[in-house]
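Examining the three-dimensional arrangement
Chain by chain, the residues run as shown.
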Amino acid sequence: MKVINISFKFADGAPDQTHAAVEGESVLDVALNNNIKLQHNCGGVCGCSTCHVYVEAGMDDLPEITDKEEDFIDRAIDPRLNSRLACQCVVQGNEDLVITIPEQDFLGH
């Protein structure tokens, strides 16, 4: 099983974190498994835009974006060309990733 590193950066100024990820895990899984707060209202099934992130490096190692994911990203706050949904960023295991988590409104969570 291939292992890569995911470096998480935070728009709110929290310190960067780097965690190992194995092939087949999503960026959302890795974040949650390491106590990184990342909203995921739909439970990680590409049913909302709350796990919106920016892929700063490693985009070529992720599955191609689907029309469904693109539709949800269009509803996210401040979508960019490197926007993805963390639940759909499944690690292929060939390249390290750098992910920026935008500021999130946790609505009291």
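Residues numbered from 1 in each chain as written. Predicted model: local features only at pLDDT ≥ 70, side-chain atom pairs only at ≥ 80, totals over all residues. Heavy atoms only, no water.

Thoughts on the nonpolar core
Formally: Side-chain atoms within 4.5 Å link the members of a nonpolar core, which is a set of buried Ala, Val, Leu, Ile, Met, Phe, Trp, Tyr and Cys residues. Burial here depends on accessible area, computed with a 1.4 Å probe over protein chains only, as a share of the maximum for the residue type. Under 20% is buried, over 50% is exposed, and the range in between is partly exposed. A run of DSSP states H or I qualifies as a helix once it reaches four residues; a run of E qualifies as a strand once it reaches two. Both are numbered from the N-terminal end. By the convention used here, residues are in contact when the closest approach between their heavy atoms is within 4.5 Å.
Ile 6, Phe 8, Val 27, Leu 38, Leu 97, Ile 99 and Ile 101 are the most contacted members of the largest nonpolar core, which has 26 residues in total. Within the residue set of this core, elements represented by two or more residues are strand E1 (3-10), helix H1 (27-33), strand E3 (52-57), helix H2 (67-74) and strand E5 (97-101). Dropping the residues within four chain positions of it, Ile 99 is found in contact with Ile 6, Ser 7, Phe 8, Lys 9, Val 27, Val 53, Tyr 54 and Val 55.

Description of the packing of aromatic side chains
Put simply, the rule reads: Pairing of aromatic side chains here covers Phe, Tyr and the six-membered ring of Trp, requires ring centres within 6.5 Å, and sorts the geometry by plane angle: under 30 degrees stacked, over 60 edge-to-face, intermediate tilted. Here, a charge over a ring is recorded when the distance from Lys NZ or Arg CZ to the ring centre is within 6 Å and its angle to the ring normal is within 35 degrees.
A complete count under the given rule lists zero aromatic pairs for this structure. Sitting over the ring of Tyr 54, Arg 80 keeps its end group 4.0 Å from the ring centre.

Section: the environment of Ser 49
Position of Ser 49 among the secondary structure elements: in the loop between H1 and E3. Considering only alpha carbons, one finds Ser 49 and Asp 12, 37 residues apart in sequence, at a separation of 19 Å. Once residues within four sequence positions are removed from consideration, Ser 49 is found in contact with Phe 72, Arg 75, Ala 76 and Leu 85.

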